[in-house]
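# Coordinates in review
What follows is the residue order along each chain.
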Amino acid sequence: MRRKESSFRPPSPYLPPRDLCLFDPKKDGLLPTPVDERGVVDSQELIHMVKTTVDPSYQWTSPYNDVHHTHWPGNRYKHTPNAEINPNEFRNLATNKLYVPRIFHNWTHKITEPPPVPSDEVMYYQIEAQRVALALFRTVRSSRKLSRLKTISDEELETRLIEQFDSFNDTVETAKKMPPEFQVIDLSNYQPRSYEDMFRLGAELGKTATASRVLRQVTRPIAV
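Residues numbered from 1 in each chain as written. Predicted model: local features only at pLDDT ≥ 70, side-chain atom pairs only at ≥ 80, totals over all residues. Heavy atoms only, no water.

## Focus: the overall build of the protein chain
The secondary structure content of the protein chain amounts to eight helices and two strands. Listed N to C, the secondary structure of the protein chain is α-α-β-α-β-α-α-α-α-α in terms of helices and strands. Contacts in the protein chain between residues at least 24 apart in sequence constitute 77% of all its contacts with a sequence separation of at least 6. When the accessible surface of the protein chain is summed, it comes to about 13700 Å², and 51% of that surface belongs to carbon and sulfur atoms. (Helix = DSSP H or I, 4+ residues; strand = E, 2+ residues; numbered from the N terminus. Contact = heavy atoms within 4.5 Å. Areas by Shrake-Rupley, 256 points an atom, 1.4 Å probe, with all protein chains shown as cover.)

## A closer look at the nonpolar core
One finds Leu46, Val50, Trp60, Phe104, Trp107, Ile111 and Val218 to be the most contacted residues of the largest nonpolar core, which totals 17 residues. Of all the secondary-structure elements, those providing two or more residues to this core are helix H2 (43-51), strand S2 (97-101) and helix H4 (102-111). Ignoring sequence-local partners within four residues, the contact set of tryptophan 107 consists of Leu15, Pro16, Cys21, Phe23, Val50, Thr53, Val54 and Trp60. Counting 16 residues, the second-largest nonpolar core is a separate cluster that includes Val132, Phe165, Met198 and Leu201. (Core = buried A, V, L, I, M, F, W, Y, C linked by side-chain atoms within 4.5 Å. Buried < 20%, exposed > 50% of the residue type's maximum accessible area, 1.4 Å probe, protein only.)

## Quick notes on the pattern of salt bridges
For the structure shown, the criterion picks out seven salt bridges. Between glutamate 156 and arginine 160 there is a salt bridge, with the nearest N and O atoms lying 3.5 Å from each other. Of this pair, glutamate 156 and arginine 160 both sit in helix H6 (residues 154-176), separated by four residues, roughly a single helical turn. On the basis of relative accessibility, which here comes to 35%, the residue glutamate 156 falls in the partly exposed class. (Salt bridge = Lys/Arg side-chain N within 4 Å of Asp/Glu carboxyl O.)

## Comments concerning the packing of H2 against H4
For any two helices packed against each other, one specifies the crossing angle of their axes together with the interaxial distance. Axis separation between H2 and H4 bottoms out at 11 Å; the angle between their running directions is 90°. One element, H2, and the other, H4, form an angle in the roughly perpendicular class. On the side of H2, the interface is formed by Leu46, Ile47, Val50 and Lys51, while H4 contributes Phe104, Trp107, Thr108 and Ile111. Across the contact of H2 with H4, the residue classes break down as six nonpolar, one polar and one charged. (Axes fitted to C-alpha atoms, helices over the stretch in contact; angles between N-to-C directions. Parallel < 35°, antiparallel > 145°, perpendicular 65-115°, else oblique. Nonpolar A, V, L, I, M, F, W, Y, C, P; charged D, E, K, R; others polar.)

## What to know about the environment of leucine 205
Within the element layout of this structure, leucine 205 appears in helix H7 (residues 195-209). Residue contacts for leucine 205: discarding those within four places in its chain leaves Ala133, Leu136, Phe137 and Ile185.

## What about the side chain of threonine 108?
Structurally, threonine 108 is set in helix H4. Threonine 108 has contacts with Leu46, Val50 and His68, leaving out every residue within four places of it along the chain.

## Examining unusual backbone geometry
In this structure, proline 73 follows tryptophan 72 across a cis peptide bond, with omega equal to 0°. Tracing the backbone through its elements, the reader meets proline 73 in the loop between strand S1 (65-69) and helix H3 (87-91).

## A look at H4
Burial runs high along H4: seven of the 10 residues are buried. Inspection of H4 places Ile103, Phe104, His105, Asn106, Trp107, Thr108 and Ile111 among the buried residues, and these make up the whole buried set.

## Structural notes on H2
One turn of an α-helix holds 3.6 residues; hence residues three or four places apart share an orientation. Within the sequence span of H2, burial applies to Ser43, Leu46, Ile47, Met49, Val50 and Lys51. Regarding H2, its N-cap is aspartate 42, as a side-chain oxygen of that residue lies 3.3 Å from the backbone nitrogen of glutamine 44 further along. (Polar contact = N/O pair within 3.5 Å; in protein donor to acceptor, adjacent residues only side chain to side chain.)

## As for the environment of proline 87
Mapped onto the secondary structure, proline 87 falls in helix H3. Distance in space between the C-alpha atoms of proline 87 and arginine 76 is 8.2 Å, their sequence separation being 11 residues. Aside from chain neighbours lying at most four places away, what touches proline 87 is Tyr77, Lys78, Thr80 and Met123.

This is a description of form; function is not addressed.
What follows is the structure in structure tokens.
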């Protein structure tokens, strides 16, 4: 006689423990991924929503951390490098990626629906805004390196910093022409008058233009 297979399945080491889960996608259905008025995923709201589906006592420590693309699956965002709009570039913008514990990553995919693909216009402007922000950040970083060099004269340093400052100001003016809802930071009233003004903005840009976000938002306790 053939043995009847057990319906028991051991808990997965790559998902939250079942007894701490407050949500069952098989019974409750998938949760819509939160998006803002542009159709871009609201990362802060996504993190909060996913955390509320598991007991607040749970620690999201994982064997490793990795990147969650907030716009998924990848096959919806084709790589078209020669086109005016490259959906794959949009998907891989730093602002559309989260660096999270692997268990959080797995659980997010298990309980949420893929977000709708934003319009071509939205993807275009977000790509351009990120490029401008990155150009500003790189100019500031290059200028800081110049200011620390000990192998050039004061006169040469001043000349090269003026060139960098002029380039920075030109890029700021380009950034101001972007629709406000796509600007990485608000530059509407920003008028750099010195190198220090430029360096201060560079520090702020560095938080948004170059890196995926943010482990601590996941691992810190949820506010009740």
